[in-house]
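Observations on the three-dimensional arrangement
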Amino acid sequence: MEGNKQKVVSKEDWMSLAIEEAKKAEELAEVPIGAIVVLNGKVIGRGHNLRETTQDATTHAEMIAIQQACETVGSWRLEDAQLYVTLEPCPMCSGAMILSRIKEVYFGAFDPKGGTAGTLMNLLEDERFNHQAYVEGGILAEECGNLLTVFFKNLRAKKRNQKKASQKNGNEVY
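Residues numbered from 1 in each chain as written. Predicted model: local features only at pLDDT ≥ 70, side-chain atom pairs only at ≥ 80, totals over all residues. Heavy atoms only, no water.

What to know about the sheet that holds strand β1 (residues 34-39)
Stated formally: Only strands joined by at least two bridges in the DSSP assignment are considered to pair. Counting from the N terminus, the helices are DSSP H or I runs at least four residues long and the strands are E runs at least two residues long. For helices, the axis comes from a line fit to the C-alpha atoms of the stretch in contact; other axes are also lines fit to C-alpha atoms, and the angle between any two N-to-C directions lies between 0 and 180 degrees. By definition in these notes, contact holds between two residues if any of their heavy atoms fall within 4.5 Å.
Spatial strand order, β2-β1-β3-β4-β5: five strands in an open sheet with mixed pairing. The sheet terminates laterally at β2 (42-48) and β5 (134-136), the two strands that pair on one side only. If you compare each strand with its neighbour and ignore which way they point, the axes differ by 15° on average. Strand direction decides the pairing type here: β1 and strand β3 (residues 82-87), joined by four bridges, are antiparallel. Each bridged residue has a counterpart across the sheet, and for V37 the counterpart in β3 is L83. Sheet strands touched by helix α3 (residues 61-73): β1, β2 and β3. Its angle to β2, the strand with the most contacts, is close to 145°.

Some words on the packing of helix α1 (residues 11-27) against helix α5 (residues 141-168)
The angle between the axes and the distance between the axes are what describe a pair of packed helices. Note the threshold: Each angle is binned into one of four classes, with values under 35 degrees roughly parallel, values over 145 roughly antiparallel, values of 65 to 115 roughly perpendicular, and all other values oblique. Ten residue types, Ala, Val, Leu, Ile, Met, Phe, Trp, Tyr, Cys and Pro, are classed as nonpolar, four, Asp, Glu, Lys and Arg, as charged, and the remainder, Gly among them, as polar.
Closest axis-to-axis distance for the α1/α5 pair is 10 Å, and the angle between their directions is 10°. Judged by the inter-axis angle, α1 sits roughly parallel to α5. Seen from α1, the contacting residues are M15, I19, A22, K23 and E26; seen from α5, they are E143, C144, L147 and F151. Along the lines of polarity and charge, the residues of the contact of α1 with α5 split into six nonpolar, no polar and three charged.

What about the UniProt feature "domain: CMP/dCMP-type deaminase" (unreviewed entry) in the protein?
Definition in use: UniProt positions are given in the numbering used here, feature names are shortened, and annotations may be inferred rather than shown by experiment.
The UniProt entry lists residues 9-127 under the feature "domain: CMP/dCMP-type deaminase" (unreviewed entry), expressed in the numbering used here. Secondary structure across residues 9-127 divides into 36% helix and 21% strand, with the first and last C-alpha atoms of the span separated by 30 Å.

What about the packing of aromatic side chains?
One pair of aromatic rings is described through two measures. These are the centre distance and the angle between the planes. Just so we agree on the cut-off: In this scheme Phe, Tyr and Trp rings, the latter by its six-membered ring, pair at centre separations within 6.5 Å, and the angle between planes marks the pair as stacked below 30 degrees, edge-to-face above 60, and tilted otherwise. Using a 1.4 Å probe on the protein chains alone, a residue whose accessible area is under 20% of its type maximum counts as buried, one over 50% counts as exposed, and one in between counts as partly exposed.
Summed over all chains, the structure comprises five aromatic pairs. When the centroid spacing of 4.8 Å and the interplanar angle of 15° are considered together, the rings of Y84 and Y106 count as stacked. Residue Y84 is found in strand β3, and its partner Y106 is found in strand β4 (residues 104-109); the two are separated by 22 residues along the sequence. Of the residues examined, Y106 reaches a relative accessible area of 7% and is grouped as buried. Taking 4.9 Å as the distance between ring centres and 85° as the angle between the ring planes, the aromatic pair formed by F107 and F110 counts as edge-to-face.

Right, here's the structure in full:
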């Protein structure tokens, strides 16, 4: 029996992989959000935000991870898959999860401005759709939230410094 033990991977371990994806986005000066899709204990899709890089509003971390997962399995149906994402999904991403039949969705930080996995509404568990997903939020929430907090704090500081430099050089924009 000892030789047949399988390594148990926790939700926190999977979310740590999504956090790694978020850090890739941050390196590109993108909002640090990352996602992975897991099927049968293996990562089959990865993604991080690329909106600024691609200038495409649909290149959210979840969308990229779902596209990659579908390519990996050769189907648009991801019926037994789990998706881990560092920020509560938006309406577009929740819609993609419903349409791709994701079984379970786990997210880190709650999104009070756009979250549709429980905060503003819960599209993923809405029984009016033909598919629902199990949803659990708050996985490594502090770490996921801190990535975003620090990113936006630094972005605001950078903008303030640019404005000050512009005013100092007499290039103030009105």
